[in-house]
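Results of the structural survey
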Amino acid sequence: MLRTTLARRTLGNAAAALAVLLLSGTAAFAQEASGKLVIVTSFPKDLTTAYQQAFQKAYPKVTVEILNRNTNAGVKYLQETASNNGVDLFWASAPDAFEVLKSAQLLQPYKPKVEGIPEKVGAYPVNDPEGMYAGFAASGYGIMWNTRYMKANDLPVPKEWADLTKPAYYDHVAISAPSRSGTTHLTIETILQGEGWEKGWRTNKEMAGNYRTITERSFGVPDGVNSGAFGVGIVIDFFALSSQASGFPVEFAYPTVTTIVPANIGVVKNAPNKAAAETFVDFLLSPKGQEVLLEPAIRRLPVNPATYEKAPAGYPNPFKDKSLGAQVNFDVNVSQARYNVVDALFDQLITFQLDDLKAATKAIQQGEAALAKKPNDKAKALLAEARDLVAAMPVTAEQAADPQLAGAFTVERKSAKDAVPERQAQIEQKWAAFAKENYAAARKKADEAMALVR
Amino acid sequence: MTSLALTRDRIARVRPGPALAALLIAAFLLLFLVVPVVQVIFVAFQDKTTGAFTLVNFADFFRNDLFMRSFGNSVYVSAMSVVVASLLALPLAYLTTRFEFRGAVLIQSLGIIPLIMPPFIGAVAMQLLFGRNGTVNLLLRDHFGFSIPFMEGLNGVIFVQSIHYFPFILINLSASLKIIDRAMEESAQNLGCHGFRLFRRIVFPLAMPGYVAGASLVFIKVFDDLGTPLLLNVNDMLAPQAYLRISSIGIADPMGYVISVVLIACSLLALWVSALAMRGKDYATVQRGGGGLAKRRLKPLELVAAYGIVLLILVLVLAPHIGLGLLSFATIWSFSPLPDAFTLKHYHTVFTESGQYITNTLLYASLAALLDVAIGTAIAYLVLRTKLPGRQWLDYVAMAALAVPGVVLGIGYLRSFYGVPMPFSGQPLSNFWLILVFALAIRRLPYALRACTAALQQVSSSLEEAAENLGATKLRTVGRIVVPLMSGGILAGFVTSFATAAVELSATIMLVHSQSDAPLAYGLYVYMQSAAGRGPGAALGIFAVIIVGLGTYLSHVVIERGRRERGQDH
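A few words on the overall build of chain B. Of regular secondary structure, chain B possesses 25 helices and 0 strands. Taking all 570 residues of chain B together, the buried fraction comes to 57%. Sequence separation of at least 24 residues holds for 76% of the intrachain contacts in chain B that already meet a minimum separation of 6.

Structure below.
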C-alpha cells in the first residue's frame, strides 16, 4: 500500500512536470490554464466547493486544491513556507491579513481583466491600490438573532449597537474575540471610527457587559445563535444569511454604523501556477463567478453590480441601498496603525476580565432600575461615576496610534536596534490591572447607589 | 572481584543488537521529538529585542495576573476532573470485577468509547444536551422551573473532560483489581473485616497502583488539553492561553512558548510524582496468580441498585455520542429538546465527499500505531531486560511527548523540515504525508509505551532463559517467546494509540498541506466551519467513532482468543 502510494505520487509529480514543460512550450498558442492550482483559504467548504466545481467545469484542465486554514494560521503557513512556496492563491475575508502578507512581500500584483467592477463598495475601495489583492465579494457587519430564543426570553428585536447595551440583553449576547477573528476586529474598529475612540469604547464595553461569552472562533458565534445557546450574536452578514438559508430560525440586521468591506483574493509571490491563479481571479469576478455568491449556503454580496439582478427578493444591495455602510468613512490607515493595540486592549479590558465587567454592569443596571422607581440625585451621580469608571481607557486615541506603543506588539522585530520601551507582557499586565481596579470601583459605587434607593 | 564480574557481566550483556536498536530509537526521538520541540521552546528563553538568552519572560509569566489565574484554573480543573472521573470509574470498575455481573465485558468495552471523542464535536454535542438551552435544561425549565449549570465556565470543562478521560482510570483500575490476590481478601475477612472497611483498608490500597497510573494520565491530559476549553470558550487556562498566543501573535511574543515550557514541566512533574507513588506500592502486584478477587453474587435488591448506577453512568458518559448521533440525523436543531426532523442526507453527503478522509485516517492511524507498538516494545525490552547505559532516558524522553502541545509539535515540524527537500521530487520534507504519521506516532507513543512496559513486566524472564538454554538466539527468543506473550499488552497499546490518533487535530491541522492527504479530523474541522456543514460534520464524527469502535472490538476479540489459546483464561 505504502509503496504503491509512493509510486503513484512520484508518477504524478513527473506527469505534472511534463505538463508544465509542454505548457510552457505551447503557451504562445494556447491561453487556457491547466495543471494544479493550490489555494489557501479561510472560507467554509460551502463556498470553496461551489467555486471549485464551477471553475473546474469552466477550465477542465485545472485541478483545484483547497487548503482550509483559519486566516491567522494561513498567514503563518505562508510565512513559514515562503522559502519554497507551493501555494498559488490566498483567499480570505479580512483585508488586514492581506496587508500583513503585502508588507512581508509575499504577494505579487495582478490587475484583473474583468470590467464593470466599481471603485468602491460602501465607503471602502474594492481593490488594493497597488494591485496586490482584489476584492471579489462584499460583507457588512451586524446583529444576528435566534427567533425562538427571542420569543422564549421575551426579548425585543435589536436594530443598533446601542440597543445591545440595554439591560434586557444582559447575558444574551455573544461575539468572537477581535484578536482571533479578523472580521470582529473590523466590527470593533468600525464602531471606534464611527463613534470616536472614547464613545466607541464606551459602547463596546457597555455591550460587553451584556455578553454571554466571547468565542475563540468566528464561527462559534453563528453556531451558538443557530443552536440557541445564546440569543444574539455580533457577526459578519453571510454567517447569518447562510444560516438562514440553511433553515435555522435566525434573522439579521445591519446597524447604521457598519462597514461594507470586500473579501479578497491575492496571487502569492512565486506562485507555482501563476497562469491558473490569474485565471481563477478573473473567473471569480466574471458574471458566472459572481452568481455563485448568491447560492443559499454562501450569500455574500457580489462586487459586480449587474449580478444583483439575479438575486432573490430582499437581498441586500450596497450599490442601491446607499445607507449600507455609508455613515462610516472607514480609514484603513488609522486601523492599520493601531491594529494590535486595539486587539490587546479588547483582550485585556474585556475578554479576560469578562466576569468582573459583567458583575459591574449588573450592579449598575440594577441600580438604574431601582433609581427609575425612586429618584435620588446622589444615587444618580454615583451611577454616572460608575459608568464612567467602566468606560475609562488606559490609553488615548493618540497613544494607541503611537508607533512606540505599537512597537511592543509588532509581528516581526525589524532589527535589534528597534527600540521597544516595554515588553508586551508588561503592558498587558498594566492594562489588566487598570481594568480590574476600575470594574471593582464601579461595582462598589453602584452598590452604594443601590443602598440609597432601595 | 565482584565488581570485576559485574563489569564483565555488563560488557557481555551489551550486545550489538540491542545497542543498535537503542541508537535507532534515540535517533528517531531526537529527530522527530526533541529537535522540533527544542526549536520552538528556544524562543521562550530569548530576549525579544536582542535575541540573547534571558529568563525575563518567565519572570513576566509569574508577574502576570492572567497567567497565574490560568495556572490556578488549570490545576483546579485537572484535579477536579480526576475526582469526577474517579466517581464515574470506581463504581464501573468495582461492580464489574467484584461481582457476578451480566454485561461486564460490554461495560468494559463501552468504557473505551468516550476516549474517541472527535475534535470539535464532543463539546458541540454536549452543549446541545447539557448547555444552558440544551435538551436537559429546556425540559427542566419547562416542567420544573429550574436549570442546572452543567456547562457553565470551569464546571463545563470539568464535566466534559471527566467524561472524556475517565476510561484511563477505568482501564487501569480494572486491570489492578483483577490481579489482586484473593488470599489477601480472605485473610482480612477471616480477621473480621467486612464491607466498606474491607474495601477501604484492603482492596483499595491494593488497587492503588492502577488507580494512580490512571489518575495521573487523566491529570496530565486535562492539564494540557486544548480542544475542550477552547470550544467551551473558557480561555483562562494554560493550554488555551499558549495556543492563543502562539497562533495569533507568533514569534514576536515569547509568552506562548513560556507557557508551553510550563505545561511540559508540570506534566513531567505529575508523571514523576505518580511514578514515586507507584514505586512505593509495588508490593501489591508482586503476588500474582491468586485469580483475582472472589466474585460475589448480588442480592436482588442490590442487583437492581447496581444496574441502576451502571446504567446512569453509561448514559452520562455516552451522552456526547448520543448527542452526536442525533445531530448527524437532524435537519435543524435549535432551541428545542430534540431536532425538528430527521434525515439521512448528511450521511449521503459524507459518503460522496469524504471517502479520502477515511482511507487516509485508517492508513495514518494504523501506521502510527504500528510504529508506536514497535518502538514501545523495543524501549520496554531495552529498559527491563538489558543493562544498556542510559536506557531509562529513552523511556523518559518518549514519555515527555505526552506533555508537548500538538500545535508546538506542528510548528516545530514546519520549522525543522520545511527547508529539507525530499529526494527525487524536491518538495519539502514537511509536505510528505509520512510526516503526519510521525507526528501522530510521537504524540501517541506514551500510551503504547506504558501498555507494552506493563505487558513485559508480566512475562517472566525465566521463559526467555529457558529458550536460550535450549539454543535459541536472542532475536529468535524475542520474536517467538517474548512478543507473543506480550501480545495482549501490545494490542492494548495499539488500540489506544490508533483510537486517539484517528481523531487527533492539533498537530495535523498545522501540517496538512493538501486535501488529498488530509485525515478525518481535518475534514471535521472543515465541515464544522459552516451552518450547512454541522450535520455532515456530525455524520463524519459518527464514522470516526464506528471505525475506532470496531477496531477496539476486534482487538478485544483477538486478545481474548490469544489468552484462551495460551490457557490464561480464568
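Moving on, there is more to tell.
The secondary structure content of chain A amounts to 18 helices and 14 strands. Taken along the three principal axes of its C-alpha coordinates, chain A extends 85 × 60 × 50 Å. The buried share among the 454 residues of chain A stands at 57%. Of all intrachain contacts in chain A linking residues separated by at least 6 positions in sequence, the fraction that spans at least 24 positions is 76%. Accessible surface computed for chain A: about 18700 Å², of which carbon and sulfur atoms make up 55%.

As a further point, take the pattern of salt bridges. The tally for this structure, following the rule as stated, stands at 28 salt bridges over all chains. The partner of A:Asp223 in a salt bridge is B:Arg534, and the shortest N-O contact between them spans 3.7 Å. With A:Asp223 in helix α8 (residues 220–227) and B:Arg534 in helix α25 (residues 534–565), this pair bridges two chains. Just as A:Asp223 is buried, B:Arg534 falls in that class too. Across the pair A:Arg423 and B:Asp60 runs a salt bridge whose closest N-O atoms are separated by 2.6 Å. Separated into two different chains, A:Arg423 in the loop between α17 (403–407) and α18 (424–453) and B:Asp60 in helix α3 (residues 56–63) make up a pair that spans both. Judged by relative accessible area, which is 26%, A:Arg423 ranks as partly exposed. The class of B:Asp60 is buried, set by a relative accessible area of 5%.

Right, let's talk about the confidence of the model for chain B for a bit. All names here are of chain B. In this model, chain B carries an average pLDDT of 81, and 89% of its residues clear a pLDDT of 70 or more. Across chain B, the secondary-structure element scoring lowest on mean pLDDT is helix α1 (residues 2–13), at 48, and the one scoring highest is helix α7 (residues 135–144), at 93. Throughout residues 1–8 the model reports pLDDT below 50, and contacts reaching past four residues in sequence, or to other chains, amount to 0 contacts. Here residues 281–290 scores under 50 on pLDDT; set against residues more than four positions off or in separate chains, the count is 12 contacts. Predicted complex, confidence summary: ipTM 0.78, pTM 0.82.

Residue and element names in this part refer to chain A. The 5 strands lie next to each other as β10-β9-β11-β8-β12, forming an open sheet whose pairing is mixed. Looking along the sheet, the strands with just one partner apiece sit at the ends: β10 (211–215) and β12 (250–253). Ignoring which end each strand starts from, the neighbouring axes of this sheet average 30 degrees apart. As defined by bridge partners, strand β8 (residues 141–146) adjoins strand β11 (residues 232–236) across 5 bridges and the pair is classed as antiparallel. What sits directly across from Trp145, in β11, is Val232.

With that settled, the discussion passes to the packing of helix α6 (residues 182–195) of chain A against helix α7 (residues 197–208) of chain A. All names here are of chain A. Taken N-terminus to C-terminus, the directions of α6 and α7 make an angle of 135 degrees; their axes are 6 Å apart at the nearest point. Relative to α7, the element α6 is oriented oblique. Once α6 is placed against α7, the crossing between them reads as right-handed. Taking contact as the criterion, the partners of Ile188, Ile191, Leu192 and Glu195 in α6 are, on α7, Trp197, Lys199, Gly200, Trp201, Thr203, Asn204 and Met207. Residues belonging to the contact of α6 with α7 are distributed by class as follows: 6 nonpolar, 3 polar and 2 charged.

On to the packing of aromatic side chains, then. Each aromatic ring pair is specified by the distance between its two centres and by the angle formed by the two planes. Residue and element names in this part refer to chain B. On inspection of all chains with the given rule, the structure shows 42 aromatic pairs over all chains. An angle of 10 degrees between the planes, with centres 5.8 Å apart, marks the rings of Tyr165 and Phe168 as stacked. On the criterion of helical spacing, the pair formed by Tyr165 and Phe168 is a turn pair, its members being 3 residues apart in helix α8 (residues 153–178). Grouping residues by exposure puts Tyr165 and Phe168 together as buried.

Below, the discussion takes up the interface of chain B and chain A. Taken together, the contact pairs 73 residues of chain B with 71 residues of chain A. Here chain B packs against chain A, burying approximately 6100 Å² in sum over the two surfaces, 49% of which is carbon and sulfur. Of all residues in chain B, the largest losses of buried area upon contact with chain A belong to B:Arg132, B:Phe335 and B:Tyr418, amounting jointly to 11% of the total for that side. At the junction of chain B and chain A, the tally comes to 7 salt bridges. Residues A:Asp171 and B:Arg132 are paired through a salt bridge, measuring 3.5 Å at the closest nitrogen-oxygen approach. Taken together, chain B and chain A are joined by 19 residue pairs in polar contact (both at pLDDT 80 or more). Per element, the largest residue contribution to the side of chain B that touches chain A is 7 residues, and it comes from helix α12 (residues 238–248) of chain B. Broken down by class, the residue content of the side of chain B that touches chain A amounts to 37 nonpolar, 22 polar and 14 charged.

In this structure, A:Phe90, B:Tyr413 and B:Ile442 are the most contacted members of the largest nonpolar core, which totals 186 residues. The element that contributes the greatest number of residues to this core is helix α20 (residues 433–457) of chain B, accounting for 13 residues. Excluding residues that lie within four positions of it along the chain, B:Ile442 makes contacts with B:Phe28, B:Leu29, B:Phe32, B:Leu33, B:Asp372, B:Ala401, B:Leu409 and B:Tyr413. In terms of nonpolar packing, the next biggest core, distinct from the first, is built from 64 residues, A:Phe252, A:Ile298, A:Ala311 and B:Ala531 among them.

All names here are of chain B. A surface patch of nonpolar side chains, about 360 Å² in accessible area, is lined by Tyr76, Met80, Val83 and Leu87. Turning to its location among the elements, Leu87 is positioned in helix α4 (residues 65–98). In this structure Leu87 comes out as exposed when scored by relative accessible area, which is 57%.

Turning our eyes to something else, we now look at the confidence of the model for chain A. Residues and elements named next belong to chain A. This prediction gives chain A a mean pLDDT of 86; 90% of its residues lie at or above 70. For residues 1–12, every residue scores under 50 in pLDDT, and the model assigns this stretch 7 contacts once sequence neighbours within four places are set aside. With pLDDT under 50 throughout, residues 14–30 is counted as low confidence; its partners more than four residues away or in other chains account for 2 contacts.

What follows is about the side chain of A:Glu216. The topology assignment puts A:Glu216 in the loop between β10 and α8. Here A:Glu216 falls in the buried class, since its relative accessible area comes to 6%. Of note is the side chain of A:Glu216, whose polar atom sits 2.9 Å from the side chain of B:Asn235. The residues touching A:Glu216, leaving out its near neighbours within four places in the chain, are A:Ala177, A:Arg180, B:Leu230, B:Asn233, B:Asn235 and B:Leu244.

Residue and element names in this part refer to chain B. Across its 26 residues, α8 extends 38 Å between first and last C-alpha, which sits within 8% of the 38 Å expected from 1.5 Å per residue. Along α8, the sharpest kink reaches roughly 40 degrees, centred on His164 and followed within four residues by the proline Pro167. A large share of α8 lies buried, amounting to 19 of its 26 residues.

Residues and elements named next belong to chain A. Located in the positive-phi region is Gln105, a residue other than glycine, with phi close to 55 degrees. Residue position: Gln105 is located in the loop between α4 (95–103) and β4 (107–108). For Gln105, a relative accessible area of 56% puts it in the exposed group.

This part is about α3(B). For α3(B), the full list of buried residues reads B:Asn57, B:Phe58, B:Asp60 and B:Phe61. Along the axis of α3(B), the buried positions cluster into a sector of 155 degrees, meaning they face one direction only.

All right, on to the pairing of strand β13 (residues 261–268) of chain A then. Residue and element names in this part refer to chain A. Across the 8 residues of β13, 8 count as buried, placing the element largely inside the fold. Of the strand pairs in this sheet, β4 and β13 are connected by 2 bridges, and their pairing is antiparallel. Each bridged residue has a counterpart across the sheet, and for Gln108 the counterpart in β13 is Val267. The pairing of strand β7 (residues 134–139) with β13 spans 5 bridges and is classified as antiparallel.

This part covers the packing of α20(B) against helix α22 (residues 474–501) of chain B. All names here are of chain B. Running from amino to carboxyl end, α20 crosses α22 at an angle of 150 degrees, the nearest separation of the two axes being 8 Å. With respect to their mutual orientation, α20 and α22 come out roughly antiparallel. α20 and α22 meet at a crossing whose hand is right-handed. Between α20 and α22, the residues in contact are Leu440, Arg444, Tyr447, Ala448, Ala451, Cys452, Ala455 and Leu456 and Val482, Met486, Gly489, Ile490, Gly493, Thr496, Ser497, Thr500 and Ala501, respectively. Looking at the contact of α20 with α22 residue by residue, the class counts come to 11 nonpolar, 5 polar and 1 charged.

Reading the values: rules and limits
Residues numbered from 1 in each chain as written. Chains lettered and ligands numbered in written order. Predicted model: local features only at pLDDT ≥ 70, side-chain atom pairs only at ≥ 80, totals over all residues. Heavy atoms only, no water. Helix = DSSP H or I, 4+ residues; strand = E, 2+ residues; numbered from the N terminus. Buried < 20%, exposed > 50% of the residue type's maximum accessible area, 1.4 Å probe, protein only. Contact = heavy atoms within 4.5 Å. Areas by Shrake-Rupley, 256 points an atom, 1.4 Å probe, with all protein chains shown as cover. Salt bridge = Lys/Arg side-chain N within 4 Å of Asp/Glu carboxyl O. pLDDT = per-residue confidence, 0-100. Pairing = 2+ DSSP bridges. Axes fitted to C-alpha atoms, helices over the stretch in contact; angles between N-to-C directions. Parallel < 35°, antiparallel > 145°, perpendicular 65-115°, else oblique. Left-handed = near helix turned anticlockwise from the far one by under 90°. Nonpolar A, V, L, I, M, F, W, Y, C, P; charged D, E, K, R; others polar. Phe/Tyr/Trp six-rings, centres within 6.5 Å; stacked < 30°, edge-to-face > 60°. Buried area = accessible area lost by both parts, 1.4 Å probe. Polar contact = N/O pair within 3.5 Å; in protein donor to acceptor, adjacent residues only side chain to side chain. Core = buried A, V, L, I, M, F, W, Y, C linked by side-chain atoms within 4.5 Å. Patch = residues over 30% accessible without salt bridge, like charges linked within 9 Å, V, L, I, M, F, W, Y side chains within 5 Å. Expected span 1.5 Å × (residues − 1). Bend = angle between axes of the 7 residues up to and from the residue. Arc of directions from axis to C-beta.

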